[in-house]
Amino acid sequence: MAEYLKLGPGAGESIDAYLEYRRIVGEDDEGKLFTPDEYENYKRTVVPVRMKNRLFVSWTSPNGWDCKLIGPETLCFCQHRYKQHKTDFAELPSERPILLPCRAKGCRCKYYNYVPLNGSQPIRCTRCKHYSDDHSEDPSHTCKKGGCQCVSFKSSFTCSCGQPTYAHDTIVETKEERQARGHPVGHDVPYAAMGGLTGFSSLAEAYQRLDDSGVGAPSEAFLNQPIGASDHPFLRMHASTLNQIEAGRGSQTDALTQKMADFKMTGTDADMDYYEMRYQQRLKEEKMRARGVPSSRPVSKRGLPSSSSSSSSSSVVSKGHSARGKPASATRGKPPSKTMGKR
């Protein structure tokens, strides 16, 4: 029999308060909750300094992209999370790079060092083929496997930016240093170990992030380009509405896009006609590419099946077969029938 946990009317507010407490305090309470007075004193003394001296941590590629923005739960090479490292400083250190040692008991990690994952699995070392967690967490990162002579971890695992892992660097920088690089810093927040997170887009990879820390925002010309043959079918089907919006800009669409905009789906047969038009368009684009003609060239309506005929797609016959399903070459060598000879 299933058991249900019943909560009182104020349970939701209590859960929200605990989550807020955990985001602000992090690991500073060492597993023992602060009393209300201790919690208020913590917010008065620690939070203002944290917001002033926040450190931004990112895993950066040679082209300047922040391929990974480090957050509270991001694992270090030592297999401990970023929030378990030292992240708050009363005064920012003057030495560079800024070292963030691990505070976990017995850990020898001297600085936070991000290492990517291959899906959910750790990546392998290029030298000894052992996993990253088989190597020591101390700065040497020697392999801990018995008999292995690997002196340091190095992986050629390729990031989504196209660069290998060993070409990336874990950067710890202040707010001013990050602004000098032209990367976003977001708003000042009281939460612990926020690292490089500045918004929801920080969870995406660099090639998907449309800000200065990633691939960047698309140009105005890209966003306002006319609808063409390579655009999504949804845009093509609503091209008539978009044409009214784009009328003031002088943009035009090709013939196939306009035909799809005028096309009305009424059932399965109409759907087949629609996909037949897309198939014919792909054939035309392949022929145009074979002739060296750019694919953005407007395509005429000639040769496209009519949208009013619902059985056009079912009557399409491949080039090498006859209408009855037999190869066309099988009927070419046959002599004419007697009926045809008499005529």
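Fair warning: this is a prediction, and the values are worked out from it, not measured in the lab.

(A) Looking closely at the overall build of the chain. On a plain count of helices and strands, the chain comes out with 11 helices and five strands. For the chain, with 343 residues in total, the buried portion stands at 33%. Contacts spanning at least 24 positions in sequence make up 56% of the contacts within the chain whose residues lie at least 6 apart. Summing over all exposed atoms, the chain offers an accessible surface of approximately 22,100 Å²; the carbon and sulfur share of this is 53%.

(B) Spatial organisation of the pattern of salt bridges. Tallied over the full model, the rule gives 16 salt bridges. Note that Asp66 is salt-bridged to Arg178, the shortest N-O span being 3.0 Å. One end of the pair, Asp66, is in strand 2 (residues 66-69); the other, Arg178, is in helix 4 (residues 175-180), and 112 residues separate them in sequence. Among the residues examined, Asp66 registers a relative accessible area of 0% and is labelled buried. Overall, the relative accessible area of 1% leaves Arg178 in the buried class.

(C) Examining the packing of aromatic side chains more closely. In total, this model carries seven aromatic pairs according to the counting rule given. Their ring planes at 45° and their centres at 5.6 Å tell us that Phe34 and Tyr42 sit as a pair that is tilted. Overall, Phe34 belongs to the partly exposed group, its relative accessible area being 24%. Pairing Tyr82 with Tyr112 gives two aromatic rings, centres 5.2 Å apart and planes at 80°, and the pair type is edge-to-face.

(D) Structural detail: the sheet that holds strand 2. The three strands lie next to each other as 2-1-5, forming an open sheet whose pairing is antiparallel. The sheet terminates laterally at strand 2 and strand 5 (169-174), the two strands that pair on one side only. With strand direction ignored, the average angle separating the axes of adjacent strands in the sheet is 35°. By the bridge criterion, six bridges tie strand 1 (residues 55-60) to strand 5 in an arrangement that is antiparallel. Bridge pairing in strand 5 links Phe56 to Glu173.

(E) Structural detail: the side chain of His183. Along the chain, His183 falls in the loop between helix 4 and helix 5 (220-223). Side chain to side chain, His183 and Asp66 meet in a polar contact 2.9 Å long. Non-local contacts of His183, meaning those with residues more than four positions away in its chain, are made with Gly64, Asp66, Arg178, Asp212 and Ser213.

(F) Representation of a nonpolar patch on the surface within the structure. A cluster of nonpolar side chains, Leu5, Leu7, Ile15, Tyr18, Leu19 and Leu33, forms an exposed patch at the surface whose accessible area comes to about 630 Å². With respect to the helices and strands, the residue Leu7 is situated in the segment before helix 1 (11-25). Looking at Leu7, the relative accessible area reads 55%, which means it is exposed.

Rules behind the numbers
Just so you know, the residues in each chain are numbered from 1, in the order the chain's sequence is written. The predicted origin of the model limits local features to residues at a pLDDT of at least 70 and limits the giving and counting of side-chain atom pairs to 80 or more, whereas totals for whole chains, interfaces and linings rest on all residues. With hydrogens and water excluded, all non-hydrogen atoms of the structure serve as input to the side-chain values. Runs of E in the DSSP output that reach at least two residues are strands. Runs of H or I that reach at least four are helices, and both are numbered from the N terminus. Categorising residues by exposure relies on relative accessible area from a 1.4 Å probe, with only protein chains included: less than 20% of the type maximum marks a residue as buried, more than 50% marks it as exposed, and the intermediate range marks it as partly exposed. The contact rule is simple, with two residues in contact once any of their heavy atoms fall within 4.5 Å. Areas reported here follow the Shrake-Rupley algorithm with a probe of radius 1.4 Å; residue values treat only the protein chains shown as occluding. For this analysis, a salt bridge means a side-chain nitrogen from Lys or Arg found within 4 Å of a carboxyl oxygen belonging to Asp or Glu. By convention, a stacked pair of Phe, Tyr or Trp rings (six-membered ring in the case of Trp) has centres within 6.5 Å and planes under 30 degrees apart, an edge-to-face pair has planes over 60 apart, and any other such pair is tilted. Here the rule is simple: two strands pair whenever DSSP picks up at least two bridges between them. Where helices are involved, their axes are fitted lines through C-alpha atoms of the stretch in contact, as for all axes, and angles between N-to-C directions lie from 0 to 180°. Polar contacts, as used here, are pairs of N or O atoms within 3.5 Å; protein pairs need one atom able to donate a hydrogen and one able to accept it. Residues neighboring in sequence count only if both atoms are side-chain atoms. Exposure above 30% relative accessible area and no salt bridge define the residues that can form patches, which grow by joining like charges within 9 Å and nonpolar side chains of Val, Leu, Ile, Met, Phe, Trp and Tyr within 5 Å.

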